[in-house]
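Letter by letter, the chains look like this.
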Amino acid sequence: MYSPELEKELEGICMHICGCGLDEVSPRQAYRVLANMLRDRLDQSNLAFREKTAKEERKQVFYMSMEFLVGTSLYNNLFNLGLLDDVKDILKAHHLELHDVVEVEPDAGLGNGGLGRLASCYMDAATSLNYPVTGFSILYEFGIFKQRIVNGWQVEFPDNWLSDGSVWLRKREEDAVEVRFGGQVHEWFDNGHFKVVNSDYESVLAIPYDLYISGYNTDSVNRLVLWSASNPHSFDMAAFARGDYQSALHESNRAQIISKVLYPSDDHIAGKKLRLQQQYFFVSASLQSILTEHLQKYKTLDNLPDKVAIHINDTHPALCVPELMRLLLDECGLGWDEAWDLTCRTLSYTNHTLMAEALEHWPCDLFESLLPRLYSIVKEINRREMERIMEFYPGDQPKWDYMAVISNGEVRMANLCLACCHKVNGVSKLHSDILITDVFHDYYHMYESKFTNVTNGIAYRRWLGQANPKLSAYLKELIGDEYMKDAVYLEDLLRHTDDNRVMDRLAEIKYENKVRLASYIAENNGVVVDPSSMFDIQVKRLHEYKRQLLNALNILRMYNEIRDNPDKEFVPRTFVFAAKAAAGYTLAKQIIKLIVCISNLINSDPIVRDKLKVVFLEDYKVSLAEIIIPAAEISEQISNAGKEASGTSNMKLMLNGAVTLGTLDGANVEITDLVGTDNIFLFGLTTEEVNELRRRGYRPQDYVTPELRRVLNMLTSGVLGDSFDGIMYSLFNDSGWADQYMTIADFNSYADAQRTVSEVYKDKYRFNRMSLINIAKSGFFSSDRSIREYCNNIWNL
């Protein structure tokens, strides 16, 4: 029986906001009723948790990230707060289904890929473990974009998520702060005291909105503080009075553009400027609010590093370094040495990439014109850091150039973090090893104690308990429910590796999840797929180094194999892709087009389509991943070794029983260590072999076999309904960067691994045993473990 008190509460909210009772509301109205109830509860719990934290004078963490890929909130909060069954029954009593109500909610448009999803997982874990952690970011009006596939091409549309998503937000207009751009900076000494004045600047108002983060089975509630940009003088009445209506709103529109869209295209100067504005906007607003709160409580900055940890999630918030210095110097009146000491001991930095182009750098002229005071601070940081570098590496000009914070007319944000932050971590064992032996090798020798590793983790309760309730329920039957509080208990599953009844039930659950995904595919793509076929999944951001192209080329090889021998035994396979390409990333969009063309070719061929299907699902997001991942049997983690920092889709898929097919890259290395080489399908060059091949001089044409040549010819022959000359040029050209991510070099090894996958899949007990072992060993990748490591080794909580 459900709670009558909860029903009465919902009836009251319903009457207040809808003007009717629960019996009369639509699913959309019911969604708003539930969201209001939950938001108010979370608001009160957050207030109590913050008061308790303040009373105990606990150290707090402030997690700075350009994105938080939250997904949807309704089901997650009902699950965490233990209200799921009550709400289901109350809705059913009023002729509503929770599934229909949940479907109303859009994914929050606050993130794009793994970086943002990781940040959200960490907020979930920190709250579940009762750590006081506040996330800071921007309230993007349109998020990244809605992806539609039109004639095979990705087309971007605005994602107006706030129309139904704003109900979760609590606006705090009284806590708005001013952020300044541009203008003139005047610096001088007055009686030995440094003075600075910023004049003729452009002022933007940052208004905070709170999005509450619940934890599993706890009263603790943290929050994301999301800043929205506004102009303090939003309407020019004089311009309006003289009939200049556009000018009347010009200043307001110019300010608001800052929080319109996540990651505006930066292949032009206006896009670069907007990105830099966004980064400074949220960094400055956040740091101002942190220092204000700290000073109100403690009346001193001497204990700032003891009570505050500010974490820089990748280089996007790297402006924390000069902005915290500016606030301490200019607003608080500290001297340079004292301010620098506090800044270094307060800030820490996670590097998320091995890609040189992703280590942000800004043209000095743009940086100086937009942030003149910060530029003078960065110049001083660079001057002092160069003294240390020159002393440590005397006479080594090349080292000086690439280790400098400012060099070749650019401000280098990763080097800025390395010069300042007291801790720097990678996100997998391999990634951290590469940072200290290659990417940041010379910084490591200068500051060895700074560097550490925290392997990424996932919010396993969401990806198992919520996304895969049938598997979660069966695991509780087998091993109890302790694993929901501590993922290490998943290892108890290993007691059942020789029980074929368990294997059969796991297979049944997987089949039911495949049926669900097949229904989604039929409804959204008009393609009928066989749930009894092997579901081979690659879901992640579309990028060359993630090598969706390698997967696509092998599918064409399989197509040719079936066409050549239609009567030969073949393990039926359904390939599912889902990915967004950056709006300005032309080659990535061509790869999407290629996959769609392959899908059209195969799915319409009567000889092949009963053995092979290919589907590209548009608009990949968290809620779609929650349908795809539980149905996966093969997890494609096939990046070029040494390029993927960690990955997190590999962890979510492993947790749900998919077996990894991958290179020894990122967290695949740790997956292999955990499950053993018998329970993963490995292929391809290792990081050492990739580096050696590059040193020798890689020629992709040397690796083209007749089988592969036939596949490559299909890209330009017209058989796919289009010609993919751009892709062919990326693989074979005279620039010295042909096939940059060694797709051709790894093709034959990958094809052999795919043949092995098919052979193993024929033995259902062997394959399901591999699946069980992957589930059992996935507990290591809980974000609880990651957060504990951050708290113990980096944030000093």
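Shown above is the structure to which this text applies.
## Examining the overall build of the chain
For step 1, the next point in the chain: Looking only at helices and strands, the chain features 33 helices and 23 strands.
For step 2, the next point in the chain: Relative to the compact-globule value of 28 Å for 797 residues, the chain shows a C-alpha radius of gyration of 27 Å, a close match.
For step 3, the next point in the chain: Across its three principal axes, the chain shows a C-alpha extent of roughly 90 × 75 × 60 Å.
For step 4, the next point in the chain: For the chain, the residues scored as buried account for 61% of the 797 residues in total.
For step 5, the next point in the chain: Once local pairs closer than 6 in sequence are excluded, the contacts in the chain between residues at least 24 apart make up 76%.
For step 6, the next point in the chain: Total accessible area computed for the chain in this model is approximately 31,200 Å², and 48% of it derives from carbon and sulfur atoms.
For step 7, the next point in the chain: Charge centroids of the chain, computed over 84 positive and 111 negative side chains, lie 1 Å from each other.

## Overview of the sheet that holds strand β22 (residues 659-662)
For step 1, the next point in the chain: Pairing within the open sheet is parallel, and its 6 strands lie in the order β20-β19-β18-β21-β22-β23. Both outer strands of the open sheet, β20 (612-616) and β23 (681-682), are each paired with one neighbouring strand and no more.
For step 2, the next point in the chain: In terms of strand pairing, β22 meets β23 through 2 bridges, oriented parallel. Opposite Gly-662, over in β23, you have Leu-682 as the bridge partner.
For step 3, the next point in the chain: Across the face of the sheet, helix α24 (residues 586-603) comes into contact with β19 (573-578) and β20 while running at roughly 145° to β20.
For step 4, the next point in the chain: Against the sheet, helix α32 (residues 764-777) touches β21 (634-637), β22 and β23, its axis set at about 90° to β22.

## With respect to unusual backbone geometry
For step 1, the next point in the chain: The phi torsion at Asn-151 lies on the positive side, around 55°, for a residue other than glycine.
For step 2, the next point in the chain: With respect to the secondary-structure elements, Asn-151 resides in the loop between β3 (146-150) and β4 (153-157).
For step 3, the next point in the chain: For Asn-151, a relative accessible area of 67% corresponds to the exposed category.
For step 4, the next point in the chain: Phi is positive for Asn-408, which is not a glycine, with a value near 50°.

## Details of the side chain of Asn-77
For step 1, the next point in the chain: Among the secondary structure elements, Asn-77 is positioned in helix α3 (residues 74-80).
For step 2, the next point in the chain: Owing to a relative accessible area of 3%, Asn-77 belongs among the buried residues under this scheme.
For step 3, the next point in the chain: Once residues within four sequence positions are removed from consideration, Asn-77 is found in contact with Leu-38, Leu-42, Trp-168 and Ser-214.

## A look at helix α18 (residues 429-439)
For step 1, the next point in the chain: Every buried residue of α18 is accounted for by Leu-430, His-431, Ser-432, Ile-434 and Leu-435.
For step 2, the next point in the chain: For α18, the elements touching its buried residues are β16 (423-426), α19 (441-446), β17 (451-453), α27 (668-675) and α28 (687-696).

## With respect to the environment of Val-439
For step 1, the next point in the chain: Inspection of the secondary structure assignment puts Val-439 in helix α18.
For step 2, the next point in the chain: Once residues lying within four places of it in the same chain are set aside, the contact partners of Val-439 are Leu-354, Leu-359 and Ile-434.

## Let's talk about the sheet that holds strand β13 (residues 361-363)
For step 1, the next point in the chain: The antiparallel open sheet is built from 3 strands, whose spatial order is β13-β15-β14. The two strands at the open ends of the sheet, each matched to only one other strand, are β13 and β14 (406-407).
For step 2, the next point in the chain: The sheet contact formed by β14 and strand β15 (residues 410-412) spans 2 bridges and is antiparallel. Paired with Ile-406 across the bridge in β15 is Val-411.

## Some remarks on the pattern of salt bridges
For step 1, the next point in the chain: With the rule as written, the count across this model stands at 57 salt bridges.
For step 2, the next point in the chain: Among the salt bridges present, the one from Arg-383 reaches Glu-387, with a minimum N-O distance of 2.9 Å. Highlighted residues: Arg-383 and Glu-387, both in helix α15 (residues 372-392), separated by 4 residues, approximately one helical turn.
For step 3, the next point in the chain: For Glu-387, a relative accessible area of 47% corresponds to the partly exposed category.
For step 4, the next point in the chain: Across the salt bridge formed by Glu-561 and Lys-568, the nearest N and O atoms sit 3.9 Å from each other.
For step 5, the next point in the chain: Taken together, the shared-partner salt bridges connect Asp-337, Glu-380, Arg-383, Arg-384 and Glu-387 into one network.

## Examining the nonpolar core
For step 1, the next point in the chain: Of all hydrophobic cores here, the largest spans 214 residues; its most connected members are Phe-281 and Phe-367.
For step 2, the next point in the chain: Counting residues per element, this core draws most heavily on helix α10 (residues 269-298), at 10 residues.
For step 3, the next point in the chain: Residues contacting Phe-281, with those up to four places away along its chain left out, are Ile-138, Val-179, Phe-181, Val-204, Leu-205, Ala-206, Trp-227, Ser-228, Ala-229 and Ile-258.

Conventions used here
As a convention, each chain's residues are numbered from 1 in the sequence order in which they are written. Where totals are concerned, whole chains, interfaces and linings use all residues; where local detail is concerned, this predicted model gives features only for residues with pLDDT of at least 70, and gives and counts side-chain atom pairs only at 80 or more. No hydrogens and no water enter the side-chain calculation; it runs on all heavy atoms of the structure. What counts as a helix is a DSSP run of H or I of at least four residues, what counts as a strand is a run of E of at least two, and both are numbered from the N terminus. Using C-alpha atoms as the atom set, the radius of gyration is obtained and then compared with a globule rule of 2.2 Å times the number of residues to the power 0.38. A simple rule labels every residue: compare its accessible area, found with a 1.4 Å probe on the protein chains alone, to the largest value its type can have, and call it buried under 20%, exposed over 50%, or partly exposed in between. Any two residues whose heavy atoms approach within 4.5 Å are treated as being in contact. The accessible surface values rely on the Shrake-Rupley method and a 1.4 Å probe; as for residues, cover is taken only from the protein chains in view. Under the counting rule used here, the positive set is Lys and Arg, the negative set is Asp and Glu, and His together with the chain ends is not counted. Positions of charges follow a simple convention, taking NZ of Lys, CZ of Arg, CG of Asp or CD of Glu. Strand pairing requires that DSSP identify at least two bridges connecting the strands. An axis is simply a line fitted to the C-alpha atoms; with a helix, the fit covers only the stretch in contact. Between two such axes, the angle follows the N-to-C directions and lies from 0 to 180 degrees. Salt bridge, as used here: a side-chain nitrogen of Lys or Arg that lies within 4 Å of a carboxyl oxygen of Asp or Glu. Among the buried residues, those of types Ala, Val, Leu, Ile, Met, Phe, Trp, Tyr and Cys that are joined through side-chain atoms within 4.5 Å form a nonpolar core.

The quantities given are spatial measurements derived from coordinates; they are silent on function.
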